[in-house]
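Next come the chains, spelled out residue by residue.
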Amino acid sequence: MKSISATSVIIAALIAASPGAQPPREWSQWRGPARDGTVAFAAPATWPGALTKQWEVTVGAGHSSPVVTDGRVIIHTRQGEREVTRALDLHTGKELWRIDYAAPYTMNSAARGHGPGPKSTPVVAAGRVFTFGISGILTAHDVATGKVLWRTDAPPAPPEFGTAMSPLVDGSLVIAHVGAHDRGALTAFDVASGTPRWRWTGDGPAYASPVLAEIDGRRQLVTQSENAVIGVDAANGQLLWRLPFRTSHDQNSVTPVVVNDVVIFSGLDNGTAAVRVVRKGAAWTAEPLWKNDQVSMYMSSPVVIGRTLFGLSHRNRGQFFAIDVASGRTLWTSPGREGENAALIAAGDLLLLSTTNAELIVARAGSDQFDEVKRYDTAESAVWAHPAIAGTTIVVKDIDKLICWRV
């Protein structure tokens with residue numbers, strides 16, 4: 001591991017829910033309310049021996065994650081040759097509405113084990129829910145009724161392994177990276193009409209999802225594209241800074257984490273790194289802070305609690321780790337064989353870790369080693385989708401079912 005000296009990074013600690021307070025029952029987009037994997041969660045004083053199953057519904061194929069809003073669970077899947085968006089009652093699993101459309105798609109042979117279902121997680125905002133299909137069809141629905149408000153056509157070709165980035169809503173814009181390798185456009189659409197408002201055409205889409213950050217007074221969209229980590233002006237799509245970054249088979253898949261002016265990113269067999277985004281006059285640069293070659297993330301995205309970054313390295317068949325954010329130093333690694341992928345959720349001083357082995361692991365975040373508290377089975381088949389947390393309810397999507405658990 002190499003380190004470049006830098007001033008300490010000051011991180012605002014995650015504030016846990018007050019004792020007795022009911023956490024918000026919303027999980028409106030990829031990686032939760034703040035799009036960073038953090039959630040207010042009222043942990044029980046004593047963890048039960050098993051989770052309580054509330055309901056289970058067969059919904060179809062796909063790795064798209066459920067979202068929760070206003071007592072509804074919304075899920076985007078595939079059944080046959082059609083993509084299906086449906087809303088279910090959070091408490092009972094009863095179907096409230098369902099919309100489907102034809103979505104022809106041929107899987108890349110290297111990805112057939114994952115199936116042709118959607119991979120992008122819907123986003124809910126301003127009374128609408130936006131879905132992004134595996135072939136690149138973007139749809140706006142009325143969240144109460146499912147009525148289609150507008151829909152874009154699929155681009156001539158999607159990325160090699162299917163569209164996977166999850167759209168983001170910023171005020172009156174819904175932003176998605178459309179198109180295929182070397183010929184895509186990061187595009188902001190008007191939420192009401194679907195009219196494109198701006199496009200950045202500097203690179204094709206990757207499989208990572210963008211986040212919003214305000215750095216030195218400029219609101220930026222930070223993401224991994226096919227060949228780089230980039231920051232663009234959220235208002236107009238102007239490229240502010242670009243850092244070349246490539247992985248095997250062009251599989252940039254990790255959602256970046258932004259801490260103040262520091263961007264942390266990773267990729268398959270490419271270590272984990274941090275840069276500081278700096279403005280000098282009218283120019284922006286990404287200055288290297290550190291790189292840790294001991295741990296690399298593939299599809300799993302990290303979380304930050306206090307001054308520590310937690311993630312899943314693809315090495316050793318799935319190995320959790322903790323890194324000091326300021327220096328990049330490895331603090332600990334867990335035993336291996338935890339799964340091909342994992343969704344990490346920061347819940348106060350706890351980590352909730354949902355693995356492809358269909359386990360939910362509860363661990364303490366403040367220890368100097370991997371500190372497991374409890375381990376639960378959540379499904380009978382692999383879990384690739386990110387779970388949704390709503391209060392003490394955990395909604396899990398496995399290969400073809402949606403399962404609602406209560407702690």
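So, the overall build of the chain
The helix and strand tally for the chain stands at 0 helices and 33 strands. Taken against the 2.2 N^0.38 rule, which gives 22 Å for 407 residues, the C-alpha radius of gyration of the chain at 20 Å falls within 12% of a compact globule. Seen through its principal axes, the chain has C-alpha atoms that stretch 55 × 50 × 40 Å. Among the 407 residues that make up the chain, the fraction classed as buried is 60%. Contacts in the chain between residues far apart in sequence, at least 24 positions, make up 51% of those at least 6 positions apart. Surface accessibility of the chain: about 15500 Å² in total, with carbon and sulfur atoms responsible for 48%. If the 38 positive side-chain charges of the chain are averaged to one point and the 37 negative ones to another, these points end up 1 Å apart.

Here's the deal with the sheet that holds strand S25 (residues 319–324)
A sheet is described by the order of its strands in space; here 4 strands give the open sequence S23-S24-S25-S26, paired in antiparallel fashion. Looking along the sheet, the strands with just one partner apiece sit at the ends: strand S23 (303–305) and strand S26 (330–333). Averaged over all adjacent pairs, the angle separating strand axes in this sheet is 25°, with direction ignored. Pairing analysis gives 6 bridges linking strand S24 (residues 308–313) to S25, with the strands arranged antiparallel. Following the sheet pairing, Gly311 is matched in S25 by Phe321.

Some points on the sheet that holds strand S9 (residues 138–142)
The strand order S7-S8-S9-S10 describes an open sheet built from 4 strands, whose pairing is antiparallel. At either margin of the open sheet sits one strand with a lone partner, and together these are strand S7 (123–125) and strand S10 (148–151). Within the sheet, the average angular offset between the axes of one strand and its neighbour, ignoring direction, is 20°. Bridging between S7 and strand S8 (residues 128–132) involves 3 bridges; their strand directions are antiparallel. Note that in S8 the partner of Val124 across the bridge is Val129.

Considerations on unusual backbone geometry
Glycine aside, the phi torsion of most residues is negative, and most peptide linkages are trans. Residues other than glycine seldom take positive phi values, yet Arg31 does so here, at roughly 65°. Relative to the helices and strands, Arg31 resides in the loop between strand S1 (2–3) and strand S2 (52–58). Overall, Arg31 belongs to the buried group, its relative accessible area being 1%. Phi is positive for Ala358, close to 60°, though the residue is something other than glycine.

What to know about the confidence of the model for the chain
Considering every residue of the chain, the mean pLDDT works out to 92; 93% of them sit at 70 or more. Low pLDDT, under 50, characterises residues 1–22; the predicted model gives this stretch 42 contacts beyond four residues in sequence or across chains.

Things to note about the pairing of strand S4 (residues 72–79)
Most of S4 is tucked away, with 7 of its 8 residues classed as buried. By the bridge criterion, 3 bridges tie strand S3 (residues 67–69) to S4 in an arrangement that is antiparallel. Of the residues in S4, the one forming a bridge with Val68 is Val73. Where S3 folds back onto S4 in an antiparallel hairpin, the turn is made up of 2 residues, including Asp70, whose phi is positive at roughly 50°. The antiparallel pairing of S4 with strand S5 (residues 82–89) creates a hairpin that spans 2 residues between the two strands, and Gly80 there sits at a positive phi of about 65°.

Side note on the packing of aromatic side chains
Overall, the coordinates contain 9 aromatic pairs when judged by the stated rule. Relative to Trp150, the ring of Phe130 lies with its centre 6.0 Å away and its plane at 50°, an arrangement referred to as tilted. In this pair, Phe130 is assigned in strand S8 and Trp150 in strand S10, connecting sequence segments 20 residues apart. Its relative accessible area of 0% is what places Phe130 among the buried residues. Looking at Trp150, the relative accessible area reads 8%, which means it is buried. These aromatic residues form a ring-pair network of at least three members: Phe310, Phe320, Trp332 and Phe370.

Conventions we followed
- Residues numbered from 1 in each chain as written.
- Predicted model: local features only at pLDDT ≥ 70, side-chain atom pairs only at ≥ 80, totals over all residues.
- Heavy atoms only, no water.
- Helix = DSSP H or I, 4+ residues; strand = E, 2+ residues; numbered from the N terminus.
- Rg over C-alpha atoms; globule rule 2.2 N^0.38 Å.
- Buried < 20%, exposed > 50% of the residue type's maximum accessible area, 1.4 Å probe, protein only.
- Contact = heavy atoms within 4.5 Å.
- Areas by Shrake-Rupley, 256 points an atom, 1.4 Å probe, with all protein chains shown as cover.
- Lys, Arg positive; Asp, Glu negative; His and termini not counted.
- Charge placed at Lys NZ, Arg CZ, Asp CG, Glu CD.
- Pairing = 2+ DSSP bridges.
- Axes fitted to C-alpha atoms, helices over the stretch in contact; angles between N-to-C directions.
- pLDDT = per-residue confidence, 0-100.
- Phe/Tyr/Trp six-rings, centres within 6.5 Å; stacked < 30°, edge-to-face > 60°.

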